[in-house]
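# Structural overview for review
Read off the chains here:
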Amino acid sequence: MKNSHISQTITALVLGTILAGTTAMANDTIKTDANSTAAKIDNSMSSASNYMGDSAVTAKVKSALVSDKGINSTDISVETNHGMVTLSGFVNDQMQAERAVTAARSVSGVTSVSDKLHVKEAGTTAKSYASDSAITSEVKAKFLADSVVPSRKIKVTTDNGVVQLSGRVQNARVADRAESVAKAVDGVKSVKNDLRVVQKS
């Protein structure tokens, strides 16, 4: 009878120890999960904050370009990534390109400016402008129909048959594919591939 009582006591102690250990592990798991979730929320908030900051910077740069009467900002595209501004598109001359870069650098929140601006070819007429618009539309349509090219992330600008591609893509293969698709469009004389490869973190 004594042995039976001792055996029951030992069993109870062992079970109690196991239960206590399991509870401690569960608490640790909950804490770890909570910490992990908090970290994910922090990272998510940080990304959202960066995105909002970049959007605000882009808006300010566009406003600065429009405000400068010495710059024809119609064909200038602005993109911001963590404060790094990329200007792409076409300008009438090199002086306008330099003014655009200076205007962008003067905006608060801009950490650096990448100049991807190209000087328009001389002799642009209303007819060639209409043709350029048609080429731009055709290139965009080809991108939409292509399964590899992320059409929404690529800016297409055309000047006298010269197509400029700008924006960010995930790898060099996509950038090369976009260039070859654009070159195959009727009326395209050449393609300036200013796409930036940005590796996903």
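All values derive from a computational prediction rather than experimental measurement.

On to the sheet that holds strand β3 (residues 112–119). The strand order across the open sheet formed by 3 strands is β1-β2-β3, and the pairing between neighbours is mixed. Of all the strands in the sheet, the pair left with one neighbour each is β1 (76–81) and β3. Within this sheet the neighbouring strands show an average axis-to-axis angle of 10°, counted without direction. Where strand β2 (residues 84–91) lies against β3, 8 bridges are found, and the strand directions are parallel. Bridging from a neighbouring strand, M84 pairs with S112 of β3.

Let us now look at unusual backbone geometry. A negative phi angle is the norm for most residues apart from glycine, just as the trans form is the norm for most peptide bonds. Phi is positive for H82, which is not a glycine, with a value near 55°. Locating H82 in the fold gives a position in the loop between β1 and β2. Of note in this structure, N160 is not a glycine but carries a positive phi near 50°. Within the fold, N160 resides in the loop between β4 (154–159) and β5 (162–169).

With that settled, consider the nonpolar core. Membership of the largest hydrophobic core comes to 19 residues, with the highest contact counts inside it found for V61, L65, I76, V85 and L87. The set of elements that each furnish at least two residues to this core consists of α1 (2–67), β1, β2, α2 (94–105) and β3. Looking at this core, the element that brings in the most residues is α2, giving 5 residues. Sequence-distant contacts of L65, defined by excluding residues within four places in its chain, comprise I71, S73, I76, V78, L87, A100 and A103.

Our focus in this paragraph is the pattern of salt bridges. Inspection of the entire model under this criterion finds 7 salt bridges. Between E79 and R168 there is a salt bridge; the shortest N-O distance is 2.6 Å. Separated by 89 residues along the polypeptide, E79 in strand β1 and R168 in strand β5 bring together distant segments of the chain. Taking relative accessible area as the criterion, E79 reaches 19% and is therefore assigned buried. Residue R168 is classed as partly exposed on the basis of its relative accessible area, which comes to 28%. Across the salt bridge formed by E138 and K142, the nearest N and O atoms sit 3.9 Å from each other. Pair noted here: E138 and K142 are both in helix α3 (residues 126–145), with a separation of 4 residues, about one helical turn. The class for K142 is partly exposed, based on a relative accessible area of 41%.

Quick notes on the rules
- Residues numbered from 1 in each chain as written.
- Predicted model: local features only at pLDDT ≥ 70, side-chain atom pairs only at ≥ 80, totals over all residues.
- Heavy atoms only, no water.
- Pairing = 2+ DSSP bridges.
- Helix = DSSP H or I, 4+ residues; strand = E, 2+ residues; numbered from the N terminus.
- Axes fitted to C-alpha atoms, helices over the stretch in contact; angles between N-to-C directions.
- Core = buried A, V, L, I, M, F, W, Y, C linked by side-chain atoms within 4.5 Å.
- Buried < 20%, exposed > 50% of the residue type's maximum accessible area, 1.4 Å probe, protein only.
- Contact = heavy atoms within 4.5 Å.
- Salt bridge = Lys/Arg side-chain N within 4 Å of Asp/Glu carboxyl O.

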